[in-house]
Amino acid sequence: MYSPYDIIKTLIHSEKGTRLEEGGCYQFLVAKSATKIDIRNAIEKIYKVKVTDVNSIIVRSKMTRVRTQLCKQPGWKKAYVKLAPCQKIEVK
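Parameters and conventions
- Residues numbered from 1 in each chain as written.
- Predicted model: local features only at pLDDT ≥ 70, side-chain atom pairs only at ≥ 80, totals over all residues.
- Heavy atoms only, no water.
- Disulfide = S-S within 2.5 Å.
- Buried < 20%, exposed > 50% of the residue type's maximum accessible area, 1.4 Å probe, protein only.
- Helix = DSSP H or I, 4+ residues; strand = E, 2+ residues; numbered from the N terminus.
- Lys, Arg positive; Asp, Glu negative; His and termini not counted.
- Salt bridge = Lys/Arg side-chain N within 4 Å of Asp/Glu carboxyl O.
- Polar contact = N/O pair within 3.5 Å; in protein donor to acceptor, adjacent residues only side chain to side chain.
- Contact = heavy atoms within 4.5 Å.
- Expected span 1.5 Å × (residues − 1).
- Phe/Tyr/Trp six-rings, centres within 6.5 Å; stacked < 30°, edge-to-face > 60°.

Describing the state of the cysteines
Move 1: A complete count under the given rule lists zero disulfides for this structure.
Move 2: No disulfide involves Cys-25; its sulfur sits 16 Å from the nearest other cysteine sulfur, which is in Cys-86.
Move 3: The exposure class assigned to Cys-25 is buried, which follows from its relative accessible area of 14%.

Here you go:
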C-alpha cells in the first residue's frame, strides 16, 4: 500500500506543539487519506515508539488575498499523537 513516509509528511513545530510535547503529545502533518490506524502504524515504524492515542483534524482551505487577486490555500490534515509514558521523539 503506502510507505510510512508517504503517510507522515512532517512534524509540526509551533508554540502549541512545543507545549504539547512536554506532555508527550506531538503534531504531525499527514496525508489526507490516512486513517488513525495508518498514522499509528507509521509513527511506530518510523520513530520506534509506542503510540497510545491518535486524534486527527482536517484543516479546511482558506481564501487569501495576494495584491488584487484572491487565492485559495489548500486544506490539509493534522494528527495529534500521544505517546506512552517515558517515551520521546527527538526533535531537531
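Quick notes on the side chain of Lys-77
Move 1: Among the structural elements, Lys-77 can be located in strand E6 (residues 76-83).
Move 2: As a buried residue without a salt bridge, Lys-77 has its nearest oppositely charged side chain in Asp-38, at a separation of 8.0 Å.
Move 3: Looking at Lys-77, its side chain comes within polar contact range of the main-chain oxygen of Ala-34, at 2.6 Å.
Move 4: Filtering out sequence-adjacent residues up to four positions away, Lys-77 remains in contact with Phe-28, Leu-29, Val-30, Ala-31, Lys-32, Ala-34, Ser-56, Ile-57 and Ile-58.

Quick notes on helix H3 (residues 36-47)
What sets the pattern is the α-helix's 3.6 residues per turn: residues three or four places apart point alike.
Move 1: For H3, spanning twelve residues, the distance from its first C-alpha to its last is 16 Å, which sits close to the expected 16 Å at 1.5 Å a residue.
Move 2: Where H3 is buried, its residues touch helix H1 (4-7), strand E1 (8-11), strand E2 (25-30), strand E3 (51-59) and E6.
Move 3: Looking at the residues trailing H3, positive phi occurs at Lys-48, about 55 degrees.

Considerations on the packing of aromatic side chains
Move 1: Enumeration according to the criterion identifies one aromatic pair in this entry.
Move 2: When the centroid spacing of 5.8 Å and the interplanar angle of 45 degrees are considered together, the rings of Phe-28 and Tyr-47 count as tilted. Taken together, the residues Phe-28 in strand E2 and Tyr-47 in helix H3 connect sequence positions 19 residues apart.
Move 3: Judged by its relative accessible area of 0%, Phe-28 is buried.

A short note on the environment of Ala-79
Move 1: Tracing the backbone through its elements, the reader meets Ala-79 in strand E6.
Move 2: Residue Ala-79 is classed as buried on the basis of its relative accessible area of 0%.
Move 3: Between the alpha carbons of Ala-79 and Asp-6 there is a distance of 14 Å; along the sequence they are 73 residues apart.
Move 4: Once residues within four sequence positions are removed from consideration, Ala-79 is found in contact with Tyr-26, Gln-27, Phe-28, Val-30, Ile-39, Asn-55 and Ser-56.

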